[in-house]
Amino acid sequence: MAESIASTLGAEPQRRSANGSEQLEVVAEKASLRVVIENPGRLTAQMKLWDSRGLAHHCDGRVFLSPEADAGHPCGCPPGMTERRARARHGQGPQPVTTLLFRLAGCPGLGSFRFRSSSWRFAETVEGIRTQLASVSAPALCDLAIRTVEFTAQNGRQVSYHKPVVKVLGPWAPSTAMALAA
Ligand SMILES: [Zn+2]
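Rules of the game
Residues numbered from 1 in each chain as written. Predicted model: local features only at pLDDT ≥ 70, side-chain atom pairs only at ≥ 80, totals over all residues. Heavy atoms only, no water. Donors = N, O, S within 2.8 Å, 3.2 Å for Na, K, Ca; no water. Helix = DSSP H or I, 4+ residues; strand = E, 2+ residues; numbered from the N terminus. Buried < 20%, exposed > 50% of the residue type's maximum accessible area, 1.4 Å probe, protein only. Domains from an automatic or database assignment. Core = buried A, V, L, I, M, F, W, Y, C linked by side-chain atoms within 4.5 Å. Contact = heavy atoms within 4.5 Å. Phe/Tyr/Trp six-rings, centres within 6.5 Å; stacked < 30°, edge-to-face > 60°. Lys NZ or Arg CZ within 6 Å of the ring centre and 35° of its normal.

Caption draft 1: Representation of the coordination of the zinc ion within the structure. Each protein donor to the zinc ion is listed here as H57 (NE2), C59 (SG), C75 (SG) and C77 (SG); together their distances run 2.2 to 2.3 Å. Linear spacing of the donor residues for the zinc ion on their chain is H-x1-C-x15-C-x1-C. With H57 in strand β5 (residues 54-59) and C75 in the loop between β6 (64-66) and α2 (81-89), this pair connects stretches of sequence that are 18 residues apart. No difference in accessibility class separates H57 from C75, as the two residues are buried.

Written out as structure tokens, the structure reads:
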């Protein structure tokens, strides 16, 4: 599997020992992957706040997702991302945990992979991406990329950050897979 992924991404699999077991790691020097996203449900936005006792607040920004007794009840998070972010910065509110399940367009038979991000900027785009995925109404061919954003702040300081982006290209079809394999 590592070799298939590596040949698709143009990289070499490396053996790594992590947590006492040997694992294979494929590091691709790429800022973008062509992926297949089956449906909008594959992209989920949750928010979590951990404290010394464990998971203290687990919601989707509107209602609790856990514990079971609270699930579905309003969680008290503010509706706007700016306010949520301010609360999280002071340790008073949860941070985003955005999860995307995808297949690699170059080798879809390998199964699903998971991309997880705590980026606020990525979390802000989730609803828009889900709407685009829904409008395709079939598995969608997409680019999953890390984009570098650079700008000069008002105080003249150079600011640079990375943000994940998902660009929906259109419906994925077997003919697309053949074109990619060719
Ligand atoms: Zn909440």
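Caption draft 2: Layout of the domain arrangement of the protein chain. Taken domain by domain, the protein chain consists of domain 1 (1-30) and domain 2 (45-96). Look at where the C-alpha atoms of domain 1 and domain 2 centre, and you get two points 34 Å apart.

Caption draft 3: Representation of the nonpolar core in the model. Ranked by internal contacts, the top residues of the largest apolar core, which has 20 residues, are I37, L100, F102, C142 and V166. Listing elements by their share of this core, those giving two or more residues are α1 (2-9), β3 (32-37), β7 (95-104), α3 (120-136), β9 (140-152) and β10 (158-171). The greatest single-element share of this core, amounting to 5 residues, is contributed by α3. In this structure, C142 is in contact with L33, R34, V35, I37, L133, V166, K167, V168 and L169, ignoring residues within four places of it in sequence. In this structure, F64, C75, C77 and A88 belong to the second largest nonpolar core, which totals 7 residues.

Caption draft 4: Quick peek at the packing of aromatic side chains. Considering all chains together, one arrives at 3 aromatic pairs under this definition. When the ring of F115 is compared with that of F122, the centres are 6.0 Å apart and the planes differ by 75 degrees; the resulting orientation is edge-to-face. F122 gets classed as buried once you look at its relative accessible area, which sits at 0%. Between the aromatic rings of F151 and Y161, the centroid separation amounts to 6.4 Å while the plane-to-plane angle is 80 degrees, which identifies the pairing as edge-to-face. Here Y161 lies in strand β10 and F151 lies in strand β9, a separation of 10 residues in the sequence. In this structure Y161 comes out as buried when scored by relative accessible area, which is 18%. In this structure, R121 packs its charged tip against the face of Y161, placed 3.6 Å from the ring centre.

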